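# Structural description and commentary
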Amino acid sequence: MTRSDLVEELAARFGQLTHRDAEFAVKAILDAMNAALVRGHRIEIRGFGSFSINHRPPRIGRNPRSGASVAVPEKRVPHFKPGKALREAVDLRTVEIESKRKT
């Protein structure tokens, strides 16, 4: 699902929202999440999952073309951990799809 698909779904599900209002709502939510992660905060959405920042320490990597050693600097990267309800829903749906394919 893309951002525009999310806007379309929101506008279709809530008739009182115009397409422009739905687009503004999605942008506002994503901007708020982005700002929170940049500040190093954790975001938890019950039943869906949590977003946090993982720290990757500096390391020595290899250039695959030349084989030369390359210093890779430390990084802070976003990480998503799905909640129990989301994991179970995805697992159940996967089992249903697999059983339909076999018949």
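The structure presented is a predicted model; accordingly, all values stated were derived computationally and were not measured. (Residues numbered from 1 in each chain as written. Predicted model: local features only at pLDDT ≥ 70, side-chain atom pairs only at ≥ 80, totals over all residues. Heavy atoms only, no water.)

Scanning the chain from terminus to terminus reveals three helices and five strands. Ordered by position from N to C terminus, the α and β elements of the chain give α-α-β-β-β-β-β-α. Over its C-alpha atoms the chain spans a radius of gyration of 20 Å, topping by over 25% the 13 Å that the globule rule assigns to 103 residues. Along the first, second and third principal axes, the C-alpha set of the chain runs to 55 × 45 × 30 Å. Here the chain, with 103 residues, has 16% of them falling under the buried criterion. Of the contacts formed within the chain by residues at least 6 apart in sequence, a portion of 30% connects residues at least 24 apart. For the chain, the exposed surface amounts to about 8,700 Å²; the carbon and sulfur share of it is 57%. Considering the chain, the positive charge centre built from 20 side chains and the negative charge centre built from 12 side chains are found 9 Å apart. (Helix = DSSP H or I, 4+ residues; strand = E, 2+ residues; numbered from the N terminus. Rg over C-alpha atoms; globule rule 2.2 N^0.38 Å. Buried < 20%, exposed > 50% of the residue type's maximum accessible area, 1.4 Å probe, protein only. Contact = heavy atoms within 4.5 Å. Areas by Shrake-Rupley, 256 points an atom, 1.4 Å probe, with all protein chains shown as cover. Lys, Arg positive; Asp, Glu negative; His and termini not counted. Charge placed at Lys NZ, Arg CZ, Asp CG, Glu CD.)

Turning to the layout of surface pockets, a few remarks are in order. The calculated volume of the largest pocket comes to roughly 350 Å³. In this structure, the largest pocket is lined by 13 residues; those nearest its centre are L6, V26, I29, L30 and F48. At the level of elements, α1 (3-13) and α2 (19-38) are the ones that each hand at least two residues to the lining of the largest pocket. Of the residues belonging to the lining of the largest pocket, the class tally is eleven nonpolar, no polar and two charged. (1 Å grid on protein atoms, 1.4 Å probe; cavity = no way out; pocket = protein on both sides within 12 Å on 5 of 7 lines; lining within 4 Å. Points joined across faces, edges and corners; volume = space filled by probe spheres on them. Nonpolar A, V, L, I, M, F, W, Y, C, P; charged D, E, K, R; others polar.)

To continue, consider the environment of H79. Topologically, H79 is positioned in strand β5 (residues 75-82). Put simply, H79 and T94 are 15 residues apart on the chain and 23 Å apart in space, counted from C-alpha to C-alpha.

Moving on, we come to the nonpolar core. A general tendency of soluble globular proteins is for nonpolar side chains to be buried together. Residues M33, A36, L37, I43 and F51 constitute the largest nonpolar core, which totals five residues. When sequence neighbours within four positions are dropped, the list of residues in contact with M33 reads I43, I45 and F51. (Core = buried A, V, L, I, M, F, W, Y, C linked by side-chain atoms within 4.5 Å.)

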